[in-house]
Amino acid sequence: QVHVVESGGGLVQAGDSLRLSCEASGIRYNTYQLGWFRQAPGKEREFVASIEWFTEKTYYSEFVKGRFTISRDNAKNTVYLHINSLKPEDTAAYYCASSREGYCTGYACTDPRSFDSWGQGTQVTVSS
């Protein structure tokens, strides 16, 4: 199974930028996508972006595309989420996860139920 650990969150001001990191271990041939989700207090977990590990094809939520960039570094076994122009509504716990075996094969995989091996999350707080 894939194990992931997120880092890079913090307290920032509106308009700032952050780069979140997701270090993964146990990636195998059937690990199709690594995804970023976010969850604010009292709200459901929301898809942000995902990347196909071996092809680097990327998918984005329509709500964040243009400000968020997901990328992969094979040498470091790490997926990044770079966020520009942060807004207060971006405040949430950000989670990384790998897709389940047999899921997310070549399409935008937005359902969190399609992912497993969730990390502990990293908190992003944006002040206005």
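In what follows, the structure referred to is the one given above.
Residues numbered from 1 in each chain as written. Predicted model: local features only at pLDDT ≥ 70, side-chain atom pairs only at ≥ 80, totals over all residues. Heavy atoms only, no water.

A.B. asks: I'd like a rundown of the pattern of salt bridges, residues and numbers included.
C.D. replies: Tallying each qualifying case throughout the model produces five salt bridges. Note that E56 is salt-bridged to R72, the shortest N-O span being 3.0 Å. Of the two residues, E56 sits in the loop between β5 (46–52) and β6 (58–60) while R72 sits in strand β7 (residues 68–73), which places them 16 residues apart along the sequence. In this structure E56 comes out as partly exposed when scored by relative accessible area, which is 41%. (Salt bridge = Lys/Arg side-chain N within 4 Å of Asp/Glu carboxyl O. Helix = DSSP H or I, 4+ residues; strand = E, 2+ residues; numbered from the N terminus. Buried < 20%, exposed > 50% of the residue type's maximum accessible area, 1.4 Å probe, protein only.)

A.B. asks: Could you give an account of the state of the cysteines, with specific residues and numbers?
C.D. replies: Counted by the stated rule, this structure contains two disulfides. Each sulfur in the disulfide pair C22 and C96 lies 2.0 Å from the other. Handedness of the C22-C96 disulfide follows from its S-S torsion of about -75 degrees: it is left-handed. In this pair, C22 is assigned in strand β3 (residues 18–25) and C96 in strand β9 (residues 92–99), connecting sequence segments 74 residues apart. (Disulfide = S-S within 2.5 Å.)

A.B. asks: So what about the sheet that holds β7? Which residues, and what values?
C.D. replies: With respect to topology, four strands assemble into an open sheet ordered β1-β3-β8-β7, the strand pairing being antiparallel. Lying at the two open borders of the sheet, with one neighbouring strand each, are β1 (3–7) and β7. Taken pair by pair, the neighbouring strands of this sheet meet at an average axis angle of 20 degrees, ignoring direction. Where β3 and strand β8 (residues 78–83) come together, six bridges link them in antiparallel fashion. What sits directly across from S21, in β8, is Y80. (Pairing = 2+ DSSP bridges. Axes fitted to C-alpha atoms, helices over the stretch in contact; angles between N-to-C directions.)

A.B. asks: Describe the nonpolar core, listing the residues and the values that go with them.
C.D. replies: One recurring pattern in soluble globular proteins: nonpolar side chains tend to sit buried together. Core analysis: the biggest nonpolar cluster contains 26 residues, and W36, V48, V79, L81 and Y94 have the highest contact counts within it. Ranked by residues supplied to this core, first place goes to β3 with four residues. Dropping the residues within four chain positions of it, V48 is found in contact with W36, F37, R38, Y60, S61, V64, F68, L81 and Y94. Counting residues in each nonpolar core, the second largest holds seven residues, with F37, Y59, C109 and F115 among its members. (Core = buried A, V, L, I, M, F, W, Y, C linked by side-chain atoms within 4.5 Å. Contact = heavy atoms within 4.5 Å.)

A.B. asks: Let's hear about the side chain of S117: which residues, and what values?
C.D. replies: Tracing the backbone shows S117 in the loop between β10 (115–116) and β11 (122–127). Looking at S117, its side chain comes within polar contact range of the main-chain oxygen of V2, at 2.7 Å. Once you skip the residues sitting within four places of it in the chain, S117 turns out to touch Q1, V2, V4, C96, A97 and S98. (Polar contact = N/O pair within 3.5 Å; in protein donor to acceptor, adjacent residues only side chain to side chain.)

A.B. asks: Now, about the pairing of β1: what can you tell me, with residues and values included?
C.D. replies: On a regular strand, each side chain points to the face opposite its neighbour's, so the side chains alternate between the two faces of the sheet. Of the two faces of β1, the one holding V4 and E6 is buried and the one holding H3, V5 and S7 is not buried anywhere. Taken together, the five bridges between β1 and β3 define a ladder with antiparallel strand orientation. Paired with V4 across the two strands is A24, which belongs to β3.

A.B. asks: Pulling in residues and values, what's your account of the packing of aromatic side chains?
C.D. replies: Evaluation of the coordinates by the stated rule reveals five aromatic pairs. Ring centres of F115 and W118 lie 6.5 Å apart, and the angle between their planes is 55 degrees; this geometry places the pair in the tilted category. Each residue in the set F37, F47, Y95, F115 and W118 is aromatic and connected to the rest through ring pairs, giving one cluster. The ring of Y80 has R19 lying over it, and the distance from NZ or CZ to the ring centre is 4.3 Å. When the ring centre of Y95 is taken as origin, the NZ or CZ atom of R45, which lies over that ring, is 3.9 Å away. (Phe/Tyr/Trp six-rings, centres within 6.5 Å; stacked < 30°, edge-to-face > 60°. Lys NZ or Arg CZ within 6 Å of the ring centre and 35° of its normal.)

By themselves these figures say nothing about function.
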